[in-house]
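Here is how the chains run, residue by residue.
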Amino acid sequence: MSVRGKGRVFRFSDEQYTSMSGYFTKYDQDHDGELNFTELRNLVREVGQYQDGSDLDPNTQTLMKKLNASGSGSLTFNEFLKGYEKMLASAEGDESLASLDILHVTAPVKPVDNKAAVKDAADKASAAKAAAEKAAKEAADKEAAEKKAAADKKAAADKAASDKAAAEKEESDRRAAEEKKKSNATNKKKVSVTLEWNHGGSKVLVGGTFNNWELVPMNHQEGTKWIYVVRDQEPNTELLYKFHVDGQWAENGEKQLDENERIEGRVVVNNKIQTPSA
């Protein structure tokens, strides 16, 4: 590539072209194919060796103004190469050329070793890929954990509902059993037994364990016979009873007797009777 200016021709050597290409690639840090002011400033500072800020910014501004034909504020690769050649071709004399050659392209230079930049870009790409894969794995793990937590929560809720239903059924069955038991007890056939007194008397009463010893009148039949029907008793149950005849306690010696009761050490004799089977 060569550019003619004011009777002078300037041409990049292969070595210079390689160096300029290397500069552009290395300092295009955001890889957008253009050098913005900050990227060009970094190139000027490091390649042009302008460590003094007072020289760095003016030289960067001068270079940007001369090379940026479009006035966009950023240099394309074509503007960077052709513009620099055109700028150097316009130089008059060696002193002017040296002052314009901010990047020292006309001085003996070594090609920029772009291997480090390529490796750095590759490392960054690899790191970005690894980070993306890690983020994707973390997102997948998070999603799996959330699904598992939701499933566990549902399972716990289902178990709680099942346990509650089982407990309610158990309680319902228990109550039903109790009600049935009560009903059976209520509906259990009761029996009756007849108490007899055959020794006369004008007023005969009877009391016993069947009514907490409350004296109740007996029914006179004929002659000396009196009876009292004890109703609603449990089958096969022993009842104790005693007669009260014309104001005196008495027992029927013709019936079974019980002598187990004691009052103040004295034996109390009662009649006893077994209720029939249902």
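Since this is a predicted model, take the numbers as computed values, not measurements.

Engineer: Would you mind showing me how to read unusual backbone geometry here?
Structural biologist: Backbone phi values are negative for most residues with the exception of glycine, while trans is the configuration of most peptide bonds. Here Asn 236, not a glycine, exhibits a phi torsion of approximately 55°, which is positive. Positionally, Asn 236 belongs in the loop between strand 9 (226-233) and strand 10 (238-245). Assessed through its relative accessible area of 46%, Asn 236 is described here as partly exposed. With a phi close to 50°, Glu 264 is a non-glycine residue in the positive phi region. By the secondary structure assignment, Glu 264 is in the loop between strand 12 (257-263) and strand 13 (266-274). Residue classification places Glu 264 among the exposed positions, given a relative accessible area of 83%.

Engineer: Looking at this structure, how should I read the environment of Arg 45?
Structural biologist: Mapped onto the secondary structure, Arg 45 falls in helix 2 (residues 37-47). Classification of Arg 45 as partly exposed rests on a relative accessible area of 26%. One polar contact links Arg 45 to Asn 42, side chain to side chain, over a distance of 3.2 Å.

Engineer: What am I meant to see in the pairing of strand 12 here?
Structural biologist: On any regular strand, side chains alternate: one points to one face of the sheet, the next to the other face. Pairing between strand 12 and strand 13: five bridges, direction antiparallel. From the neighbouring strand, Asp 258 faces strand 13, where its bridge partner is Asn 270. Taking the residues between adjacent antiparallel strands as the criterion, strand 12 and strand 13 are bridged by two residues, where Glu 264 takes a positive phi near 50°.

Engineer: Quick question: what am I supposed to make of helix 4 (residues 77-89) here?
Structural biologist: Side chains of residues three or four places apart in an α-helix project in the same direction, reflecting 3.6 residues per turn. Counted at 1.5 Å a residue, the expected span for helix 4 with its 13 residues is 18 Å, and the 18 Å between its end C-alpha atoms agrees. For helix 4, the complete set of buried residues consists of Glu 79, Phe 80, Leu 81, Gly 83, Tyr 84, Glu 85, Met 87, Leu 88 and Ala 89.

Engineer: Just to check I follow, could you spell out the packing of helix 1 (residues 14-27) against helix 4 for this structure?
Structural biologist: With their axes 10 Å apart at the nearest point, helix 1 and helix 4 run at an angle of 145° to one another. The chirality of how helix 1 crosses helix 4 is right-handed. Within the contact between the two elements, helix 1 uses Tyr 17, Met 20, Ser 21, Tyr 23 and Phe 24 and helix 4 uses Phe 77, Phe 80, Leu 81 and Tyr 84.

Engineer: What is the right way to look at the packing of aromatic side chains in this model?
Structural biologist: To describe a pair of aromatic rings, one takes the distance between the centres and the angle between the planes. Applying the stated criterion to the full structure yields five aromatic pairs. Relative to Phe 243, the ring of Trp 197 has its centre 5.0 Å away and its plane inclined at 45°; by these criteria the two rings are tilted. With a gap of 46 residues between them, Trp 197 in strand 5 (residues 191-197) and Phe 243 in strand 10 connect regions that are remote in the sequence. As far as burial versus exposure is concerned, Trp 197 and Phe 243 are alike and both buried. Members of the aromatic cluster, joined through ring pairs, are Phe 24, Phe 77 and Phe 80.

Engineer: What exactly am I supposed to notice about the sheet that holds strand 9 here?
Structural biologist: Pairing between the strands of a sheet is mediated by backbone hydrogen bonds and can be parallel or antiparallel. Across the sheet, which stays open at both edges, the three strands sit in the order 5-9-8 with antiparallel pairing between neighbours. The sheet terminates laterally at strand 5 and strand 8 (219-220), the two strands that pair on one side only. Across two bridges, the pairing between strand 8 and strand 9 is antiparallel. Residue pairing across strands places Asn 219 opposite Ile 227, the latter belonging to strand 9.

Conventions we followed
- Residues numbered from 1 in each chain as written.
- Predicted model: local features only at pLDDT ≥ 70, side-chain atom pairs only at ≥ 80, totals over all residues.
- Heavy atoms only, no water.
- Helix = DSSP H or I, 4+ residues; strand = E, 2+ residues; numbered from the N terminus.
- Buried < 20%, exposed > 50% of the residue type's maximum accessible area, 1.4 Å probe, protein only.
- Polar contact = N/O pair within 3.5 Å; in protein donor to acceptor, adjacent residues only side chain to side chain.
- Pairing = 2+ DSSP bridges.
- Expected span 1.5 Å × (residues − 1).
- Axes fitted to C-alpha atoms, helices over the stretch in contact; angles between N-to-C directions.
- Left-handed = near helix turned anticlockwise from the far one by under 90°.
- Contact = heavy atoms within 4.5 Å.
- Phe/Tyr/Trp six-rings, centres within 6.5 Å; stacked < 30°, edge-to-face > 60°.

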